[in-house]
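What follows is the residue order along each chain.
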Amino acid sequence: MRAPYPLALPPLLPQFLQRRRAKSDYPLRAMERLGLDRPAYFSTIDLGTQDPRGARPADIQNSAYRTTDDPLRAPLAAAESVGLVRWADGRWSLTDRGKIVLDELRRAMEAYFGGLSPIDADELERLARLLDDALAACVVAAEPKTRAHTPRAARYRWREPSSAFARLDAAIYGLWQVRDDCHVQAWSDAGLTGPTVDVLTRVWRGEARSDDELAGKIATQGPSDVRAATQRLRVDGLFTSGPGLALSPTGTAVRERIEAETDRYFFAPWPDPVAAQAEWVTERLAAVNAALL
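Residues numbered from 1 in each chain as written. Predicted model: local features only at pLDDT ≥ 70, side-chain atom pairs only at ≥ 80, totals over all residues. Heavy atoms only, no water.

### What to know about the environment of Pro161
So, point 1. Structurally, Pro161 is set in the loop between helix H7 (151–156) and helix H8 (164–189).
So, point 2. Pro161 sits in the buried class, given a relative accessible area of 15%.
So, point 3. Along the chain, Pro161 and Gln185 lie 24 residues apart, while their C-alpha atoms are 30 Å from each other. (Helix = DSSP H or I, 4+ residues; strand = E, 2+ residues; numbered from the N terminus. Buried < 20%, exposed > 50% of the residue type's maximum accessible area, 1.4 Å probe, protein only.)

Next comes the structure, spelled out in structure tokens:
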């Protein structure tokens, strides 16, 4: 795919992932049965997309942006307390009971997805196939060279999807993992670190107006780490020098270039037949998301 890219499409991917099982009561019933809250339950489920030998803390979630693993410990400790996960040799892994819980969710969602018809059946099948083709091309592309998240796509697709919606789900999950890797490559190219770019991005989005306010919003970094990053960005000229938090013109240009490079890495491998239908894909995925509310 060549620029201009369909920039309205990427925000629809996490929106779909947030909504796809929102109306299913199975996860809530499973949590109640197990005596776990949502973070502990889904920390267990997320291990199903990790190396079968187990996941190091650095392998879990978006570790490139963290300076502390503290947010991981409580939910995984809760899952460990009911026998779903174990910690050994520096890795978290599923126990036999945890694998059963994962398999139960997979099968429940397979059945649930098979009953969903958010748009016309033929359109849903076409949408799923197009995004699946895009994912297949992205997975084998030469760039991005950073591939910490892309392997999760194959593990998430635990077997061949049994319905069009299940195929759409697997494709979108995989594409979002690829885009994570594209973003890491883009800010690495800019010479930034993950924790620093997280601070830069949050200020770019207007999430906080002071160092203290920002430090209170980033649970994956210690307050001193956040303040060190804001100071570094001021020294490097990406933030203005005043007491408040704001990007300088240079900082805005750098962050916008990171976003543009993320889009380039992400969309460039998409096959021409998919690219030619990008507007239709965007419109139909938006319709799917609206129907999932």
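### What about the side chain of Thr201?
So, point 1. Along the chain, Thr201 turns up in helix H9 (residues 194–204).
So, point 2. At a separation of 2.8 Å, a polar atom in the side chain of Thr201 contacts the side chain of Arg255. (Polar contact = N/O pair within 3.5 Å; in protein donor to acceptor, adjacent residues only side chain to side chain.)

### Quick notes on the pairing of strand S1 (residues 85–88)
So, point 1. Both S1 and strand S2 (residues 91–94) contribute to a ladder of four bridges, which runs antiparallel. The residue bridging Arg86 from the neighbouring strand is Ser93, located in S2.
So, point 2. Connecting S1 to the next strand, S2, in antiparallel fashion are two residues, including Asp89 with a positive phi near 55 degrees. (Pairing = 2+ DSSP bridges.)

### Observations regarding the pattern of salt bridges
So, point 1. Evaluated as defined, the whole model comprises 27 salt bridges.
So, point 2. The closest approach of N and O atoms between Asp169 and Arg20, which form a salt bridge, is 2.5 Å. Of the two residues, Asp169 is situated in helix H8 and Arg20 in the loop between helix H1 (12–19) and helix H2 (26–34); the sequence distance between them amounts to 149 residues. Arg20 matches Asp169 in its accessibility class, with the two residues each being buried. (Salt bridge = Lys/Arg side-chain N within 4 Å of Asp/Glu carboxyl O.)

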